[in-house]
Amino acid sequence: MGKYINPFTDWGFKRLFGQEFSKGLLISFLNDLLVGELQVKNVVFKDKEELPSTKDQRGIIYDVYCETDTGERFILEMQNRWQPNFLDRSICYACRSVLEQVDKGKTERQDAYKFLPIYTVCFMNYKSENEELDKFRTDIILADKDSGKLVSNKLRFIYLVLPLFEKKVDECDTDFDKWIYVLKHMEALSRMPFTAQKEIFKQLEEYADSHRLTKKEWEAYENSLWIARDNMACMAAAEIAAKEKGMAEGREEGRAAGMAEEKIATAKRLLAMGLNTSQVAQGAGLSMEEVEKLL
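Computed from a prediction, not measured in an experiment: that's the story for all the values here.

Participant: So, the packing of aromatic side chains: which residues are in play, and what are the values?
Facilitator: Under the definition given, this model contains 18 aromatic pairs. Each ring, one from phenylalanine 8 and one from phenylalanine 123, has its centre 6.3 Å from the other, and the planes form 50°; the classification is tilted. With a gap of 115 residues between them, phenylalanine 8 in the segment before helix 1 (10-17) and phenylalanine 123 in strand 6 (residues 118-124) connect regions that are remote in the sequence. The residues phenylalanine 8 and phenylalanine 123 share a single accessibility class, namely buried. For the ring pair phenylalanine 29 and phenylalanine 123, a centre distance of 5.5 Å and an interplane angle of 35° mean the geometry is tilted. Highlighted residues: phenylalanine 29 in helix 2 (residues 23-33) and phenylalanine 123 in strand 6, separated in sequence by 94 residues. Each member of the pair, phenylalanine 29 as well as phenylalanine 123, is classed as buried. By way of ring pairs, the aromatic residues Phe8, Phe13, Phe17, Phe29, Phe123, Phe136, Phe165, Phe176, Trp179, Tyr181, Phe194 and Phe201 are connected into one cluster. In this structure, arginine 137 packs its charged tip against the face of phenylalanine 176, placed 5.1 Å from the ring centre.

Rules behind the numbers
Residues numbered from 1 in each chain as written. Predicted model: local features only at pLDDT ≥ 70, side-chain atom pairs only at ≥ 80, totals over all residues. Heavy atoms only, no water. Phe/Tyr/Trp six-rings, centres within 6.5 Å; stacked < 30°, edge-to-face > 60°. Helix = DSSP H or I, 4+ residues; strand = E, 2+ residues; numbered from the N terminus. Buried < 20%, exposed > 50% of the residue type's maximum accessible area, 1.4 Å probe, protein only. Lys NZ or Arg CZ within 6 Å of the ring centre and 35° of its normal.

So this is what it looks like as structure tokens:
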């Protein structure tokens, strides 16, 4: 077992970013994620489950859901394997948070549809099958299509595809780079980097140290770790199966192409011998139209 916990298990992610005792880590991460845009001083964790509006609907369970001291809502989601319609799901989560604000008994006309900004941050511990997410960080805003100018700051989506973050430790120039490097490699690290450069990483080292877990915490973490590894194994098996299917289809296409070339070569030899179109088609296994094209 590594010195530090795996931050991309459900339990590990919530320990580092979803607990009162460790919320300093979340505040620091959010400020480094949105450096120059937003300065978070405090967060309040909201219920992780938003109850449905009617009994026949399922509730939405967030990984981390919090509100800043200035009212912005943050939804943090961690994904270890591809899921169909994942982008749509993240949009639905944000819209639910919009409705949760708007439906809170606002009776004054000027306040009827007012809501505070919602930021959705998705950690994706796999390469996306969606071609729109073909880089490490994708930021989506509400902007004018022609000018690209921001129209509203009320909805923001940030997708972080971790396998596409390829910087080495000495290439991490920004504090955000350092966060991502540590999170991506944490389970394999023997010591925590950047502790001399940024005080928060000393706190991260303390909370991520697997040797400091209580027995109860360790059991919860180990169970979460097995689930994460099962998911990764299933994803790896699916990738292998897809590659094998592609290789088999490629071989079949190659054989078909080779047979077609051989038929054409045979037809050309028969034509050179002076046979008529009908005889060539029969001898080479081609249609009359295919032989006529060779003529």
